[in-house]
Amino acid sequence: MARRLDRDVLAGIALAGLGGYVAWRAAGWDLLTEDGPGPGFFPLGYGVLMVALSALLVLRTLLQPRPDAENGDVAGHARALATWAAFAGAAFAMQWIGFVAGFALLSAVVVVFVFGRGWARGAAVGAASAGVFWLVFERLMGVGLPAGPWGF
Amino acid sequence: METLAALGQGFAVALQPENLLWCLLGCFLGTIVGVLPGLGPAATIALLLPLTFGMDPTGGIIMLAGIYFGAKYGGSTTSILLNIPGEASSVVTCLDGYQMARKGRGGAALGIAAIASFVAGTFGIVALTLLAPPIAEFALSFSSPEYFALMVLGLSLVVVLGGSSLIKALLALLVGLWLTSIGTDLFTSQSRFTFGSSFLLGGIDFMIVAVGLFAIAGVLESIRAREETTALPVPNRLRELMPSWAELKACRFAFLNGSVVGFIVGVLPGAGSAIASFIAYGVEKTVSRHPEKFGTGVPEGVAAPEGANNADSGGAMVPLLTLGIPGGGSTAILLSALIVWGVKPGPLMMTESPEVFWGLIASLYIGSVMLLVMNLPLVPLFAQILRIPVYVLFPLIFGLALVGAFGVSDNPMNLLLLAGFGLLGYVMVQFGFPPAPLILGFVLGDAMERAVRQSLTMSLGDPAILVERPLSAVMLALAALVLVSPLIGRLLRRRRAGVAV
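Once a new chain begins, its residue numbering starts again from 1 and follows that chain's sequence as written. To label them, take the chains in the order written and letter them from A, then take the ligands in the order written and number them from 1. Given that this is a predicted model, residues contribute local features only at a pLDDT of at least 70 and side-chain atom pairs are listed and counted only at 80 or more, while totals for whole chains, interfaces and linings are drawn from all residues.

Going along the chain from the N terminus, every DSSP run of H or I of four or more residues is numbered as a helix, and every run of E of two or more is numbered as a strand. Check the secondary structure of chain A and you find four helices and two strands. Along its sequence from the N terminus, chain A presents helices and strands in the succession α-β-β-α-α-α. In this setup the radius of gyration rests on C-alpha atoms only. A globule is expected at 2.2 Å times the number of residues raised to 0.38. The globule rule puts the C-alpha radius of gyration for 152 residues at 15 Å, and the 24 Å found for chain A is more than 25% above it. The dimensions of chain A, computed from C-alpha atoms along their principal axes, are 55 × 55 × 20 Å. Among the 152 residues that make up chain A, the fraction classed as buried is 36%. Once C-beta atoms are placed from the backbone, any two residues with those atoms within 7 Å are in contact. In chain A, once contacts between residues fewer than 6 apart in sequence are set aside, the share between residues at least 24 apart is 54%. To sort residues by burial, count the other C-beta atoms lying within 10 Å of each one's C-beta; a count of 20 or more means buried, 12 or fewer means exposed, and anything in between means partly exposed. C-beta atoms are built from the backbone.

This is the structure in C-alpha cells:
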C-alpha cells in the first residue's frame, strides 16, 4: 500500500505541474473580452482547479497513516511496458516499412519476447496476422494502409 | 399514438435489407469482440468504429448500436466459462455463472444469460421509447445556462458514482477537459496547447483517445496480470443450452428485477452497468428464499445481473439521445460517432433527424431479437474464440487499433498519439485513476465550454446567470450536493462510530 501512496504523491505532483502549465498558458490569452469570455477563460478555470485538487491529493496521501508495504508486480509491469514499447516502435516504423511489415514484426515480437514462444511460432503468427489484415482491410475494405518500399 | 406512428416509421427504416444486414453484422462483431477478456463495450465500440466510417449515418449508427448491445452479450460468455469478467458489469455474473459451468450447467447458464439479456434489454428499449419524447420536449426549453448546469450535474454524478476516489475521478475529468481544449478555439481561432505543432491545430480525434485508453491499455493490463484463458467446455447441441423449466421459473423475479434496476440505474450518468448488476444481484439475494445458495451456482444469480447489465443500455440511451449527455465511456463514444456523422443528439434530434432517431430505436428492438436468436445456437462458436491463444489475440487487437488510427487520417502522428494514450490508460489504471471520467470530459468539454461562454455572453459577463434561472440553479445545487455527499457520508459514519465507542 505504501507503494500506492507514493504513486499518489507522484501523480499529484505531475498533475499539479500540468494544471500550473494550463493556467499559466491560459492566463496569457484573453480571459474576458467585450464579446464575452475569451479563449483563456475556461482553461484557466480548470487549470486552477487541477492544481488545487492535485495539492489536495498529495496532502491527503501524506497525512494518511501509511499501511504496510505491498509487493509490486515488477515482472508484470516490465512485460506490459515491453509490449507497449514494441507497439510504439512498430507504430513509429510503419511510416517507412509499411503496415504489413510493421504489424508482422510487432506480432512476432509479442509472441516471442512477451509470451516466450519460439521464433518459428512468432514468424508464423506475424506473417498470418499481417496477411489477414492486409487482405481484409487493404484489399476487401479499401482502407488506405501505409505501404513500405516493397509496395505493401 | 404519435410515438407509435414514429416508431412504425423507424421500423420501416430499420427493416430495410441493408440496415438489417448492418444490425446483424454489428451484433455479431460486437459479440465476438465482447467475448474477448479485458475488452468491455467501450473498447469494443472504439475498436470497431472505423468499420462504419464509410457508411451512411443511419446504417452506421444502427451497426454501432448492434456492436454496443452485442458487446454486452459477449461479456457474459467470458464470465461464465472463464471466471474472468470481460468488464466490471460482468463481475457478479462470475459468482454463480462460473459455478453453474463447473457443475456442468454452463450451457444453461449461458442460455439464462441470453434470455435475461433479451427480456431486460427489451424492457429497457420499451421504456426508452416511452420516455424519450416527453424528456426531449421538456429539454427544448433549455438554453445555454441549463445545458451547462446539466453537464455539470451529469459529470458530478460520473465522478462520484464511477470511481473509488472522488479527487482522482475529478482530476481525470479535468485532464479530459484539457485534452479537448488542444487545437483551435472555435470562437476566436486562437491556437491552444498545440506546442507549435500544426498537426495539433485540428485537435485530437476522440477515437485515438478512446482506443488508446480502453483497448490498448486493456491489453497491456491483461498482459501484466497474465490472464489465462482456459475455458470450461460448452455443449454443442441447442437443447443442452436451454435452461430447464424449473430454472426459468426460478428466474421469474430476477428477469423483472434486472429489468427495472438496470433501466433506472442506466438513466443516471456515471452509475453504469456495473452498479446496476451489483444492485440487482443484491436485491435478488435479499428477496430470495434461499440466499445462502447464492454464489454456489443458482440461475437467479446469473439472470438478475445479466438482465440489469442489458436493461442499463436502454437507460443510458435516454440522456444520450434526448439531452446529448452520455452517462459513461460507451455512450460517450457513441455520442462522438453520431457527431462525426453530422447527427447532433439532444432534444432536437427527434425533429431534425427522425429517421435516424426512430430507426435507431427500432433497430434496438430488432437487434435484441437477433442477439437472442444468434446467441443461443452460436454460443459454442463464440466460446471457441476463448480457445485462441492470447499471444495470437492480443496482436490482433493491436492490429485493429492501428487500422482504426489509419481510418482517422494517414498522419503517422496519430499512431504515436495512440501509443501515448495507451500508455496513459495503463498508467491511470495502475495509479487508481478511472479512465471513464477522462473520456467524458474529452467528449463533453467542447460543449461545456461553449455553453458557459454563451451563457456569460448572454449576461454580459455576469456569472449570476447560471444561478438566477430556476432550472439551472436547481441542477447546480444538485451537482454540489452530489459532490459533497461522499464527505457528508464519511462525517456521518465517523459520528456513528464515535457514538458506538
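From this point on, the discussion continues.
Below, the discussion takes up the domain arrangement of chain A. On domain assignment, one finds that chain A holds domain 1 (2-63) and domain 2 (75-140). The split of the chain into domains comes from an automatic or database domain assignment. Relative to domain 2 of chain A, the C-alpha centre of domain 1 of chain A lies at a distance of 38 Å.

Moving on, we come to unusual backbone geometry. Residues and elements named next belong to chain B. For F193, which is not a glycine, the phi torsion comes out positive at approximately 50°. Relative to the assigned elements, F193 resides in the loop between strand 2 (191-192) and helix 8 (206-225). Residue class for F193 comes out partly exposed when judged on the 17 C-beta atoms lying within 10 Å of it. Even without being glycine, F195 reaches a positive phi, approximately 55°. Within the secondary structure layout, F195 lies in the loop between strand 2 and helix 8. On the neighbour-count criterion, F195 (8 C-beta atoms within 10 Å) is exposed.

The subject of this paragraph is the interface of chain B and chain A. Between chain B and chain A, the residue contacts involve 46 residues of the former and 51 residues of the latter. Contributions of two or more residues to the side of chain B that touches chain A are made by helix 7 (166-181), helix 8, helix 17 (390-408), helix 18 (412-431) and helix 19 (435-458) of chain B. Looking at which element gives the most residues to the side of chain B that touches chain A, the answer is helix 17 of chain B, with eleven residues. When the residues that make up the side of chain B that touches chain A are grouped by side-chain class, the tally is 31 nonpolar, eight polar and seven charged. Asp, Glu, Lys and Arg are counted as charged, while Ala, Val, Leu, Ile, Met, Phe, Trp, Tyr, Cys and Pro are counted as nonpolar; the rest, among them Gly, fall into the polar class.

Now for the nonpolar core. Nonpolar cores are identified as sets of buried Ala, Val, Leu, Ile, Met, Phe, Trp, Tyr and Cys residues joined via C-beta atoms within 7 Å. Core analysis: the largest hydrophobic core is formed by 217 residues, its most contacted members being I45(B), A46(B), A210(B), V211(B), A215(B), A401(B) and L418(B). If one sorts the elements of this core by residue count, helix 5 (residues 91-139) of chain B sits on top with 23 residues. Both domains that furnish three or more residues to this core are identified here as domain 1 (2-63) and domain 2 (75-140) of chain A. Setting aside anything within four residues of it in sequence, one finds A215(B) in contact with L39(B), A43(B), A46(B), L47(B), I397(B) and A401(B).

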